[in-house]
Amino acid sequence: MTTRSSATPRSNVELVSARGDAISHAAGDNCMRCHQENGPGPGRFTAAGTLHDESGAPYPDGLVELRSAPDGMGELVAAIEVDGLGNFYTTEALPLPASALFPTVYSEDGARKNFMPFPTSSGACNVCHAGSFGVRLPEG
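About the thresholds
Residues numbered from 1 in each chain as written. Predicted model: local features only at pLDDT ≥ 70, side-chain atom pairs only at ≥ 80, totals over all residues. Heavy atoms only, no water. Helix = DSSP H or I, 4+ residues; strand = E, 2+ residues; numbered from the N terminus. Contact = heavy atoms within 4.5 Å. Areas by Shrake-Rupley, 256 points an atom, 1.4 Å probe, with all protein chains shown as cover. Lys, Arg positive; Asp, Glu negative; His and termini not counted. Charge placed at Lys NZ, Arg CZ, Asp CG, Glu CD. Pairing = 2+ DSSP bridges. Core = buried A, V, L, I, M, F, W, Y, C linked by side-chain atoms within 4.5 Å. Buried < 20%, exposed > 50% of the residue type's maximum accessible area, 1.4 Å probe, protein only. Axes fitted to C-alpha atoms, helices over the stretch in contact; angles between N-to-C directions. Salt bridge = Lys/Arg side-chain N within 4 Å of Asp/Glu carboxyl O.

Colleague: Teacher, can you tell me more about the overall build of the chain here?
Modeller: In terms of helices and strands, the chain carries one helix and seven strands. Counting only C-alpha atoms and orienting by the principal axes, one finds that the chain spans roughly 60 × 30 × 25 Å. Excluding contacts between residues fewer than 6 apart, the proportion of contacts in the chain whose partners are at least 24 apart in sequence is 66%. When the accessible surface of the chain is split by element, carbon and sulfur atoms take 54% of a total near 7700 Å². Here the chain carries 9 positive and 16 negative side-chain charges, and the mean point of each set is 7 Å from the other.

Colleague: For this particular structure, what's the right way to read the sheet that holds strand β7 (residues 135-136)?
Modeller: Sheets are built from strands that pair by backbone hydrogen bonding, the pairs being arranged parallel or antiparallel. In spatial order, the strands read β4-β1-β7; together these three strands make up an open sheet with mixed pairing. On the outer flanks of this sheet lie β4 (87-90) and β7, each paired with one strand and no other. Taken together, the two bridges between strand β1 (residues 47-52) and β7 define a ladder with parallel strand orientation. Note on β7: the bridge partner recorded for Leu 51 is Val 135.

Colleague: Help me out: how do you make sense of the nonpolar core in this one?
Modeller: Nonpolar side chains in soluble globular proteins tend to end up buried together. In this structure, Leu 51, Val 64, Leu 66, Ile 80, Phe 88, Leu 94 and Val 105 are the most contacted members of the largest nonpolar core, which totals 16 residues. Of all elements in the fold, only β1, β2 (63-67) and β3 (76-81) reach the threshold of two or more residues within this core. With sequence-adjacent residues up to four places away left out, Val 64 is seen in contact with Ala 78, Ala 79, Ile 80, Val 82, Phe 88, Thr 104 and Val 105. In this structure, Met 32, Phe 45, Ala 48 and Tyr 89 belong to the second largest nonpolar core, which totals six residues.

Colleague: Honestly, the sheet that holds β2 in this entry has me stumped. Any pointers?
Modeller: The sheet built from four strands is open, its strands ordered β3-β2-β5-β6 with antiparallel pairing. Edge positions in the sheet fall to β3 and β6 (113-115), since each has one partner strand and no second. Between one strand and the next, the sheet's axes are offset by a mean angle of 20 degrees, whatever the strand orientation. Examined bridge by bridge, strand β5 (residues 102-106) and β6 share three bridges and lie antiparallel to one another. Its bridge partner lying in β6, Thr 104 is registered against Phe 115.

Colleague: Teacher, can you tell me more about unusual backbone geometry here?
Modeller: What you tend to see is this: most non-glycine residues have negative phi, and most peptide bonds are trans. Residue Pro 97 is reached from Leu 96 by a cis peptide bond, and omega for that bond is 0 degrees. Mapped onto the elements of the fold, Pro 97 is located in the loop between β4 and β5. Even without being glycine, Asp 61 reaches a positive phi, approximately 65 degrees. For Asp 61, the location among the structural elements is in the loop between β1 and β2.

Colleague: How should I be thinking about the pattern of salt bridges in this particular structure?
Modeller: Pairs can form between side chains of opposite charge whenever their charged atoms are close. Taken as a whole, this structure holds three salt bridges when the rule is applied. Residues Lys 113 and Asp 71 are paired through a salt bridge, measuring 2.6 Å at the closest nitrogen-oxygen approach. Here the residue Lys 113 occupies a position in strand β6, and Asp 71 occupies one in the loop between β2 and β3, the gap between them amounting to 42 residues. Taking the relative accessible area as the measure of exposure, Asp 71 reaches 28% and is therefore partly exposed.

Colleague: Sorry, what's going on with the side chain of His 35 here?
Modeller: Here His 35 shows up in the segment before β1. The buried category is assigned to His 35, whose relative accessible area is 10%. Ignoring any residue separated from it by four or fewer positions in sequence, one finds His 35 in contact with His 25, Gly 41, Pro 42, Gly 43, Arg 44 and Phe 45.

Pasting the structure below:
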């Protein structure tokens, strides 16, 4: 009898966004629709989304922090760089959904930020933050 891993080889690919990279695609779409255990995209994302500027355009090279408290407070659980196309993603293990986290986003220079005042148990950011409700940085 042969046993099989429930994960496909494509889902075992480690991917983490990095400032300046331009290999991502589909800004604003639900990244985790494809980048999941049985999806066609490589890697099983644990958190992913798109950062936008105040006008709604993708904002490159920012930073996303996932913390135990709102507004950049509490224990830092993960820091995910936003790539050169405005997307952020990671396949690194996160405590979601068992532990809810508070996202905070920062501009490239760290001078501007925006945060969720309530926790989330999902790392699929573009599911809720779609269209005019995108993850946005305030004007600087």
